[in-house]
Structures are given as structure tokens and as C-alpha cells.
Amino acid sequence: MTIKKILFGSVLAIGMVGTAKAQYTEDALLFSQGDNGGTARFKAMGGASTALGGDISSITGNPAGLGFYNQSDASATLRYQYNKNKVNYFGRNGDSKTDNFNIDNGGVVFHLPTTRYGGDLTKGWLNFNVGIAYNRTNLFDNKLDYSGVNTDNSITHAYADRMIDTDGSAWSNDFYRSFMFEEAYDKQGKFYFPLAEDKNSEQFNSVWSKGGKSETALSFGSNYSNKFYIGATFSLTDFRYEKSAVFTEYGMTKTAAGISALNPDSDYLKPDKEESKFVDVDYELFDHYGQVTQGSGFDFKLGMIYKPTPSLSLGFTAKTPTFLSITDESTAYTDINYFKPNEETSFSNFKSDYYDSSYDYNLQTPYKLSAGVTQYFAAGLLTAEVEFVDYSSMRWRDINSNRITEKRMNDNIKETYQAAFNVRLGGEVLFDQTFSGRAGFNFNGNPYKNADYKTYGISAGVGAKLGGGVYLDLTGVYNANNYKESPYKITYEGDWNTVSPRADIKNSRTNVMLTIGSKF
């Protein structure tokens, strides 16, 4: 299927994506993001794992940390997530909530010593440990509901822009039959203007998403003379993402004077024409969009840890891009109903064609580099790491090798995204031989060039060694970020003398994780 067909199958959802290019650009970031997964212990310390070892989290964090093990280990981690959005749209506040319970992590490490009893346990390659783990790296479950009175424009302005860009297409002709758009001419030639009044339209946007991203990892780690540790991980990634959106708008069409100012010869001004029935009447518009995207891929990670002194660890990891194969299916359609003033039954109904599309493509996520340091004390430790992620290095690939389409998509990625630094800090205190406490902080840098999107998180937890190698860890993590979202994008804002509307969103996610494990 050509990208042109995809475009027509997606532009109905102007409220969510605007064009196919915009959709895939946003999806590239969404499917590239995620954490390393891991146990409640490491999550309590801000997720910092580059210079730490001896934990199941090392399998997907820094695999060199597997070399710290001197016995085998198995654990499972459960997670409960509470997601909340507070939204302000044209001065009206609203909120929505979702929650989710899942298995967040599970893994096992097999300790395979290379030096047997009676040999030197301090020099040479001391072990070759193997780890296998499952991690939930991202949860897509979310709900956004907001509404307000738009005093500046209508979603039909965004439709009119698309009609200009696709003039003569099946999509454009379909919407021209809706009695919501009129042709007019200026010095630049023909254009379309919507009959919707520019002011005081009541708008509602409801967006649901669900699904998740996970990885299954196989890692190897080794210890050289308790000074140098090295490891590697091969991971298989799988995800499924579902989104359903309905944008609703209630308003009035233009008066005869408003139409005359734009096109004095309009058929809407002629009483003998059917169009005249749609002047100065109420309307309701429903824009529907659905998307199901799933993909799978693989990546590699190399990690090293060096201990210049027994109490100090320096770590480094390099992760290749994840090479994903993705199938995207989307549907879209629009309904418009017209009402005479003070009447509850519509006198005319427009239903657009049902647009659906299916498209396969490949995505190369950003590479990642991280460096960390850990200082050990008699009663605990402090750890920190910095991660570099170049989001502009993401690459979109057309499976049919359409180079023109690829160039447009990748140019848009470069124009939209930038490199970012993520910082994670944490610490652990040993209260006694049984109980310990942890706390951490993390900051994820802004991936956008022209938008503010930063995420902050704080975490705290406790751990207990129950005897017989059994341990229990409990952690709470709170993440928050503020950002703006446009329910639809007006391409030619200058021509309409308006700007795309923005919703101010404050998102918070509270996670509670419980790890149960045993060393053997």
C-alpha cells in the first residue's frame, strides 16, 4: 500500500495525528521509549544500574553486573500502576484515571564458577554467569478526557487545510459533500473555507490507549580478579499498542453575512439551492479514530564495570538501536449532524466513507550510552548514572524501499527530535543484617526540539532478608511530567489568523512494586 493511501486513511483523525507523517513521527518516539525493567530494589534507587551488580536487574541494566554473583538467584516482581491526568483546555479543568496490575519482571541468574575449590579465588576469570529475564519496559495504558469552549477556531479549519493539500482526491471530494465546506477564490487561487463559525464551539476529546512493551533477555557476565567485570545481553522486544479516540464538536454554521464576506456568489446564499438549508444552523461533529500497532525486534548491549578500589565501581554500557518490524492498522470516519435552532432532531446527516489502512514498516530506535559510579560504605552505598539518548538518530524504513517516503519521514524525525540526557541517582542504607532502606531520583531529558517534555521521578523502598536465601523488596515510584497536546493541527495558521488549540496536561504515575526472590 502506498503512503498516499495511508495518508487518506489517517487524516480523518486530525485530532490525533494530522497526517501520516505526523503519526509515524510520534509513534517512533513512543515505541522507542521505555526503561530497563528490573527489581523493586533497583527501582527504589532511581533505576540506576550502570555501576551496580549482583541483582536480577543487571540482566537488562548493565550485564557486567552478573559477574558480581557468587551464587544463583531467581526472583519475580509484581507492579501496580495508577495513572492520572489533569487537563486544562480553554480554562476548563478535567481529570481522568487508569490503573493496571501486571508482572513487571522475572528472571534467574545461574552462577557458574570457573575456579573450583582449592584454586585461587582472587585472580583470573572467576565465573561465567548466565541470566535470563522477562521485563515489562513500557505500559501504554492511558486515558485522556477534556473539554472546553474554543473561542478561536474549529476542527473544520484543519479539515479545510487537508482538503487544499489533497484537492481532487477521493478524501477531499468526500468531505466536500458534507455541506460543511465552500469553495472560494483569492489571488492564490481556489481554497476551501468551513461553514463552522470561528468562535464558541464546544469541544470534547476522549483518547484511550492500552497495551505494553516487553523484552526477553539473555545475558552473560564474567568477573576478572574482582576488579574488572564484563557482560553482554541479547534482547528480543515485543509490543502491542491500541488507541481509540473520539473528538466531538458542537457549534453553529456561518450566517449569510459571514458566507457572503468570503464568497458573495456562494450557492449557500441562493434560496433555491439545497445548500441554503445549512446556513445559520446548529451542528454536531464526531471524529473517530482507531489504531492497532504491534511489532517485534532485537538489540544488543555491552557492559563493563571497573573497581579501582574495593569500595568504588565505575560502569559503562552501550546499547545498539532496537531493530523493529512493525504492522500498523488504523481506521477513521467522521459523522456530522445538522439541527435547526431549538430542534432536537437532525434534519440532515453526513457520514464520511470508512477509511482503513494497513501498513508495514521498520523502525530503528536510538542507540544509548550510559556511564555510572557507585561508592560503597560500611552501611550502604550511593550510586549515580548518566544516559545519553540521541532521538534524532531514529530511522524509519519503508519495507518496499520507497526512498522518497523514507527521506520525508526521517527528515521530519530530525526536525522534531534531539539528543537528551537522563540522570538517575540512588542510595541504600543497611539498618541491620535483615532490613534495608532505599531512595532515588530520576530525570529524563526533553526529546523534542520545539516542545517542553521532561519527566521527573522520586522513589523509595525497603528490603528484608528473610533467611534461607529468601528476600523481599517493596518500592513506590512517583513520576510526573507536564506537556501540551493539540487535539488537532491547523496547517496554515497564518492564513486563518489563528493557532492550533493546546491542552495543558499534568500527568502523574504512581507505581508500587513487590519483588520476591531467592538465592541458591
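It should be emphasised that the depicted structure is a prediction, and the values quoted were computed from it without experimental measurement.

**Some thoughts on the packing of aromatic side chains**
Point 1. Tallied over the full model, the rule gives 37 aromatic pairs.
Point 2. Taking the centre distance of 5.7 Å and the plane angle of 65° together, the rings of F175 and F350 count as edge-to-face. You can see F175 sitting in helix α5 (residues 170-176) and its partner F350 sitting in strand β12 (residues 348-351), a full 175 residues away along the chain.
Point 3. Every member of this aromatic cluster is reached through a ring pair, and the members are Y24, Y359, Y361 and W396.
Point 4. Positioned above the aromatic ring of F347, the side-chain terminus of K340 is 5.8 Å from the ring centre.

**What about the nonpolar core?**
Nonpolar side chains in soluble globular proteins generally cluster together in the buried interior.
Point 1. Of all hydrophobic cores here, the largest spans 30 residues; its most connected members are Y159, F175, M180, F181, Y268 and Y338.
Point 2. Looking at this core, the elements with two or more residues in it are α4 (155-165), α5, β5 (181-186), β6 (189-194), β9 (282-309) and β11 (323-339).
Point 3. Counting residues per element, this core draws most heavily on α4, which supplies five residues.
Point 4. In this view, Y268 contacts F179, M180, F181, E182, L195, I259, E275, S276, F278 and V279; residues no more than four positions away in its chain are not counted.

**Thoughts on the side chain of N446**
Point 1. Its place among the elements puts N446 in the loop between β18 (435-444) and β19 (455-467).
Point 2. Within the structure, the side chain of N446 is placed 2.4 Å from the backbone oxygen of A451, a separation counted as a polar contact.
Point 3. Sequence-distant contacts of N446, that is, excluding residues within four places in its chain, are made with Q418, A419, A420, A451, D452, Y453 and K454.

**Section: the pattern of salt bridges**
Close approach of charged atoms allows side chains of opposite charge to pair.
Point 1. All chains considered together, the criterion is met by 24 salt bridges.
Point 2. Among the salt bridges present, the one from E202 reaches R92, with a minimum N-O distance of 2.8 Å. One end of the pair, E202, is in strand β7 (residues 201-224); the other, R92, is in strand β2 (residues 92-110), and 110 residues separate them in sequence.
Point 3. Of the charged contacts, one joins R438 and D473 as a salt bridge, the two residues approaching to 2.7 Å between their closest N and O atoms. Here R438 is found in strand β18, whereas its partner D473 is found in strand β20 (residues 470-485), with 35 residues between them in sequence.
Point 4. Overall, the relative accessible area of 8% leaves R438 in the buried class.
Point 5. Residue D473 is classed as buried on the basis of its relative accessible area, which comes to 5%.
Point 6. Residues joined in a network through salt bridges with shared partners are R41, D55, E428, R438 and D473.

Rules and cut-offs
Residues numbered from 1 in each chain as written. Predicted model: local features only at pLDDT ≥ 70, side-chain atom pairs only at ≥ 80, totals over all residues. Heavy atoms only, no water. Phe/Tyr/Trp six-rings, centres within 6.5 Å; stacked < 30°, edge-to-face > 60°. Helix = DSSP H or I, 4+ residues; strand = E, 2+ residues; numbered from the N terminus. Lys NZ or Arg CZ within 6 Å of the ring centre and 35° of its normal. Core = buried A, V, L, I, M, F, W, Y, C linked by side-chain atoms within 4.5 Å. Buried < 20%, exposed > 50% of the residue type's maximum accessible area, 1.4 Å probe, protein only. Contact = heavy atoms within 4.5 Å. Polar contact = N/O pair within 3.5 Å; in protein donor to acceptor, adjacent residues only side chain to side chain. Salt bridge = Lys/Arg side-chain N within 4 Å of Asp/Glu carboxyl O.

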